[in-house]
Amino acid sequence: MNIFSTIWLLPLFTFIFVNDILPIEATHHVYRNLQSSDDSTDQLYRTAYHFQPPKNWINDPNGPLIYKGLYHLFYQYNPKGAVWGNIVWAHSISTDLVNWTPLDPAIFPSQPSDVNGCWSGSATILHGNKPAILYTGINKFNHQVQNIAYPKNLNDPFLREWIKSPKNPLMEPTIENKINASSFRDPTTGWLGKDGHWRILVGSKRNTRGVAILYKSKDFINWNKSKHPLHSAKGTGMWECPDFFPVLKIGKFGVDTSSNNDDVRHVLKVSLDDKKHDYYLIGSYNEGKDKFTPDHGFEEVSSEHVLRYDYGKYYASKTFFDYGKNRRILLGWVNESSSVADDIKKGWSGIHTIPRAIWLHKSGKQLVQWPVLELEKLRLNHVNLPAKVLKGGELLQINGITAAQADVEISFEVNNIRDAEVLDKWTDPQILCSQSSSRKNGLGPFGLLVFASKGLKEFTSVFFRIFKHQQKPLVLFCSDQSRSSLNKDNDLTTYGTFIDVDVLREKLSLRSLIDHSVVESFGGEGRASITARVYPTLAINDKALLYAFNNGTAGVKITSLNAWSMKKAQLNGKL
Ligand SMILES: *[C@@H]1O[C@H](CO)[C@@H](O)[C@H](O)[C@H]1NC(C)=O
Ligand SMILES: *[C@@H]1O[C@H](CO)[C@@H](O)[C@H](O)[C@H]1NC(C)=O
Ligand SMILES: *[C@@H]1O[C@H](CO)[C@@H](O)[C@H](O)[C@H]1NC(C)=O
Ligand SMILES: *[C@@H]1O[C@H](CO)[C@@H](O)[C@H](O)[C@H]1NC(C)=O
């Protein structure tokens, strides 16, 4: 029996024993996890349509790709428990990015260059439609090195088995290259220059300077480190999971990662280990000089110019080009907000966001993200409310859908900002959000109350508030978890950002994907997103209620409100 079948069959056999009340051979660890997944009261928070495996810990999405019409998603997975450890590349496939079928883990420790772990990495489609995966291995010295794996059989559309090159590691820290062996990880998808050389980035740091190390290769096997990194920024700390890709200046279509011409701009995303958020820069890429020049740098990570993919719980994201549908798809990991003790009790930890299409906004200043259209196949029981003014202090219940498993879209119209509060000085939006929802203000807060219990002992509010800033409207977009659960062991941080919507000229829209323990919200048609994890104790399943609310003093007009129940997706089956 090889390693991966051991990993997967052991829990399966153990499960059968547990059902027969014969847990003889089970290790303590495995047995405890299976006990908890057997107990349905612990499974209130499992998602119905957000990606997760049947149990255990997951983190980063890895190497997403499309091959022969099938989507492949790999992810960091602990086969042995609900906390981080024993990491392998688990593997699922899909025809629609919504329903997923699990396969055996694709990459697991087996070589001196990865005996201590197979960490994150990316897939590249090489000449002749041959996928290759570069990933970080933790070698026998506990050094981080970069390895390659290929599909064993290109005729298998499931790409079930992966073989590693005997040349691994392909990139490693040495005395000459002065790379810190504990800070050298997460290779990107490769892109091909006009000189015929492949390029990739590896995340790193020098002291507190975050660095995207550039490597070049003619054959994808022999790699030379470039003298200069593609980009770096002082004070930003370790750059994890870098991602570098072109976006069209105009339109929503995606382009191949190697595209580089006058029609595109480039995006560099890094996951800042110190801040646990994904930040991105838009800029110009000079291929000849191998230099990326962002329009706005990382100098002030908290300034309005440095953007994030998501202003809630969201990390270690990665994009890929879906050439089947000419779009670039973004996937991200959503961590739990519960305590480690609660994670162990429920037997799992971590989900992924709904895959999002991503493109450059017509302003050129930011990206736009929108859940893939395939998700809409899960919609059921359409509820549509006629336009209406929501008076200050009004609460409007949205009936007729399963409010704990729903997709809701609401649009507001604001005709003037007479009643808006004045904001003189730029203030951290997250702080403004945490002061907002429990106060009656001028224009807002208005938005949705999700996972609301009868009598509002619990609710999560996703809302807007409009300020007058230098005589112009300034829109704040928030997700407030402070009253989401009677269980106060959870991380209840309020999230928020300003959002670039000119409310006097366009409608202000909000879409929330609600799924038992997650609220994934999109403001301004995808100009900002906030993902929150919540664990209500009262507002569960059919006890959860949904409202539109306006806690401002001025009325706002709801121009449209559409809500759906969501069907359960096929999420990797059940053990
Ligand atoms: C290398 O990185 C590790 C992990 O962040 C850090 O603890 C260590 O101080 C770094 N070493 C040097 C020489 O910078
Ligand atoms: C890598 O370095 C070697 C030796 O200096 C050189 O011959 C080769 O052309 C380089 N390859 C690339 C892709 O830069
Ligand atoms: C995950 O969540 C825990 C608990 O809220 C937090 O301590 C940790 O920093 C988070 N990690 C990331 C990568 O977001
Ligand atoms: C609305 O504001 C009042 C205080 O004026 C507060 O008690 C109440 O919780 C707020 N409602 C929401 C939904 O935030």
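Only a predicted model underlies this, so the values are computations on that prediction, with no experimental measurement involved. (Residues numbered from 1 in each chain as written. Chains lettered and ligands numbered in written order. Predicted model: local features only at pLDDT ≥ 70, side-chain atom pairs only at ≥ 80, totals over all residues. Heavy atoms only, no water.)

Our next topic: unusual backbone geometry. Put simply, Asn168 and Pro169 share a cis peptide bond, and its omega is -5°. For Pro169, the position within the fold is in the loop between strand 8 (162–164) and strand 9 (184–185). The step from Gly444 to Pro445 runs through a cis peptide bond, and the omega angle for that step is 5°. Note that Pro445 resides in strand 31 (residues 443–452). One non-glycine residue, Cys241, adopts positive backbone phi at about 40°. Among the secondary structure elements, Cys241 is positioned in strand 15 (residues 239–248). The buried category is assigned to Cys241, whose relative accessible area is 3%. (Helix = DSSP H or I, 4+ residues; strand = E, 2+ residues; numbered from the N terminus. Buried < 20%, exposed > 50% of the residue type's maximum accessible area, 1.4 Å probe, protein only.)

Residues Tyr309, Phe451 and Ile466 are the most contacted members of the largest nonpolar core, which totals 58 residues. Per-element tally for this core: the top contributor is strand 31, with 5 residues. A domain-level breakdown of this core finds at least three residues from each of domain 1 (32–371) and domain 2 (380–566). Grouped together as the second largest cluster of nonpolar side chains are 31 residues, Ile66, Trp100, Val372 and Leu513 included. (Core = buried A, V, L, I, M, F, W, Y, C linked by side-chain atoms within 4.5 Å. Domains from an automatic or database assignment.)

Considering all chains together, one arrives at 29 aromatic pairs under this definition. Look at Phe51 and Trp100: their rings are 5.4 Å apart centre to centre, the planes differ by 90°, and that puts the pair in the edge-to-face class. Of this pair, Phe51 sits in the loop between helix 2 (28–38) and strand 1 (56–67) while Trp100 is found in the loop between strand 3 (88–94) and strand 4 (101–107), placing the two residues 49 residues apart along the sequence. Of the two residues, Phe51 and Trp100, neither departs from the other in class, the shared state being buried. Between Phe244 and Tyr285, the aromatic rings sit 5.1 Å apart at their centres with planes inclined by 90°, giving edge-to-face as the arrangement. Of this pair, Phe244 sits in strand 15 while Tyr285 is found in strand 17 (residues 277–286), placing the two residues 41 residues apart along the sequence. For the pair formed by Phe244 and Tyr285, the shared burial category is buried. One aromatic cluster is present, built from ring pairs that chain together Phe51, Tyr75, Tyr77 and Trp100. (Phe/Tyr/Trp six-rings, centres within 6.5 Å; stacked < 30°, edge-to-face > 60°.)

Quick look at the confidence of the model for the protein now. For any part of a model where pLDDT is low, the fine detail of the predicted coordinates should not be relied upon. Model confidence for the protein is summarised by a mean pLDDT of 91, while 90% of its residues fall at 70 or above. Considering only residues more than four positions removed or in separate chains, one finds that residues 1–41, a stretch of pLDDT under 50, has 50 contacts. (pLDDT = per-residue confidence, 0-100. Contact = heavy atoms within 4.5 Å.)

Quick look at helix 4 (residues 429–436) now. Among the residues of helix 4, those classed as buried are Pro429, Leu432, Cys433 and Ser436. All buried residues of helix 4 lie within an arc of 100° about the axis, which places them on one face of the element. Against strand 31, strand 32 (460–469), strand 33 (472–480) and strand 34 (495–499) lie the buried residues of helix 4. The opening residue of helix 4, the one whose side-chain oxygen lies 3.0 Å from the backbone nitrogen of Gln430, is Asp428. (Arc of directions from axis to C-beta. Polar contact = N/O pair within 3.5 Å; in protein donor to acceptor, adjacent residues only side chain to side chain.)

Looking at where Asp114 falls in the secondary structure, it is placed in the loop between strand 4 and strand 5 (118–126). A distance of 2.9 Å separates a polar atom in the side chain of Asp114 from the backbone nitrogen of Ser110. Residues within four places of Asp114 in sequence aside, it is in contact with Phe108, Pro109, Tyr135, Gly137, Ile138, Asn139, Asn147 and Lys164.

For a regular strand, the rule is simple: side chains alternate between the two faces of the sheet. In terms of burial, strand 37 (residues 528–533) is largely enclosed, as 6 of its 6 residues are buried. The alternating pattern of strand 37 places Ala528, Ile530 and Ala532 on one face and Ser529, Thr531 and Arg533 on the opposite face, and all of these are buried. Sheet topology note: the strand 36 (residues 518–523)/strand 37 ladder contains 6 bridges and is antiparallel. Bridged to Ser521 within strand 37 is Ile530. Counting the residues between successive antiparallel strands, the hairpin from strand 36 to strand 37 contains 4 residues, one of them, Gly524, with a positive phi of roughly 55°. (Pairing = 2+ DSSP bridges.)

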